[in-house]
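Structural features, examined
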Amino acid sequence: MAKEIERKFRIRDESWQAEAEPPKAFRQFYLAVGPERSIRVRIVGDSAAWLTAKFGRTPVRDEFEYPIPLADACEMENFAVGAVILKQRHIVSHGGYHYEVDVFSGALQGLVLAELETPDTVPDDRLPRWLGAEITGDSRYSNAMLALNGRPDAT
């Protein structure tokens, strides 16, 4: 079991793109969502899939992740709760940390969010300038709530 400190941000501008690694395509969906818990399937490209269970509230949660056969993951999509999330994930390194910048498509088109998952707390003055408002703890921006409710700023 891994513990993580997870912080999430809106993006201020596109300057992150200059340092970004090539993206990976993600398709993910939820099999169960409840208070302080979720079960997710994530398919990366057309080659790998994982089943993830998360428990607790951000910023610190318990997470269990297991590889599963791609064919099983594709079949499980029939049992998705809410919408399937489509996104391109870019890894951007800054100050010794790796930020995951997700550029959403489909129903979440136009939404761009960054996550920082670390075992330690990163002081605000060490964060990159391209990060916008911190939305850590704003449940509307969790992937589970995005799947269930869509973009928070779409209404």
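Described below are features of the structure shown in this document. None of the values given here were measured: they were computed from a predicted structure. (Residues numbered from 1 in each chain as written. Predicted model: local features only at pLDDT ≥ 70, side-chain atom pairs only at ≥ 80, totals over all residues. Heavy atoms only, no water.)

**Some thoughts on the overall build of the protein**
Threshold: Each helix corresponds to a stretch of at least 4 residues labelled H or I by DSSP, and each strand to a stretch of at least 2 residues labelled E; elements are numbered beginning at the N terminus. We compute the radius of gyration over the C-alpha atoms and compare it with the globule rule, which gives 2.2 Å times the number of residues raised to the power 0.38. Any two residues having at least one pair of non-hydrogen atoms within 4.5 Å are treated as being in contact. Note on areas: these come from Shrake-Rupley sampling with a 1.4 Å probe, and a residue is covered only by the protein chains present in the view.
Scanning the protein from terminus to terminus reveals 2 helices and 9 strands. Traced from its N-terminal end to its C-terminal end, the protein shows the element sequence β-β-β-β-β-α-β-β-β-β-α. For 155 residues, the compact-globule estimate of 2.2 N^0.38 gives 15 Å, and the C-alpha radius of gyration of the protein, at 15 Å, lies within 12% of that figure. For the protein, the spread of C-alpha atoms along the principal axes amounts to about 45 × 35 × 30 Å. The contacts in the protein between residues at least 6 apart in sequence include a share of 58% that link residues at least 24 apart. Element-wise, carbon and sulfur atoms account for 53% of the exposed surface of the protein, whose accessible area totals about 8,500 Å².

**Looking at the packing of aromatic side chains**
Test applied: For this analysis, a ring pair means two rings from Phe, Tyr or Trp (six-membered ring only for Trp) whose centres lie within 6.5 Å, classed as stacked if their planes differ by under 30 degrees, edge-to-face if by over 60, and tilted for the remaining angles. Relative accessibility thresholds used throughout: buried, under 20% of the residue-type maximum; exposed, over 50%; partly exposed, between the two (1.4 Å probe, protein chains only).
Under the defined criterion, the tally for this structure stands at 2 aromatic pairs. Look at Phe-55 and Phe-64: their rings are 6.0 Å apart centre to centre, the planes differ by 70°, and that puts the pair in the edge-to-face class. With relative accessibility at 26%, the residue Phe-64 sits in the partly exposed group. Ring centres of Tyr-99 and Trp-130 lie 5.7 Å apart, and the angle between their planes is 75°; on these two criteria the pair is classed as edge-to-face. Here the residue Tyr-99 occupies a position in strand β7 (residues 97–105), and Trp-130 occupies one in the loop between β8 (112–118) and β9 (131–134), the gap between them amounting to 31 residues. Given the relative accessible area of 0%, Tyr-99 is considered buried.

**Re the pairing of β7**
Worth spelling out the cut-off: Strand pairing is assigned whenever DSSP identifies at least 2 bridges connecting the two strands.
The pairing of strand β6 (residues 81–94) with β7 spans 9 bridges and is classified as antiparallel. Residue pairing across strands places Leu-86 opposite Ser-105, the latter belonging to β7. Of the pairings in the sheet, the one linking β7 to β8 comprises 5 bridges and is antiparallel in character. Bridge assignment links Glu-100 to a residue of β8, and that residue is Glu-115. Connecting the antiparallel pair β7 and β8 is a turn made up of 6 residues, with Gly-106 showing a positive phi of about 65°.

**As for the pattern of salt bridges**
Filter applied, for reference: Whenever a carboxyl oxygen of Asp or Glu lies within 4 Å of a side-chain nitrogen of Lys or Arg, that contact is scored as a salt bridge.
This model, assessed by the stated rule, comprises 11 salt bridges. Linking Glu-134 and Arg-7 is a salt bridge whose minimum nitrogen-to-oxygen distance equals 2.8 Å. Here Glu-134 is found in strand β9, whereas its partner Arg-7 is found in strand β1 (residues 2–11), with 127 residues between them in sequence. Overlapping salt bridges bring together Lys-87, Arg-89, Glu-100 and Asp-102 as one network.

**Describing unusual backbone geometry**
The residue Glu-36 is not glycine, and still its phi comes out positive at about 60°. Here Glu-36 is to be found in the loop between β2 (24–34) and β3 (37–44).

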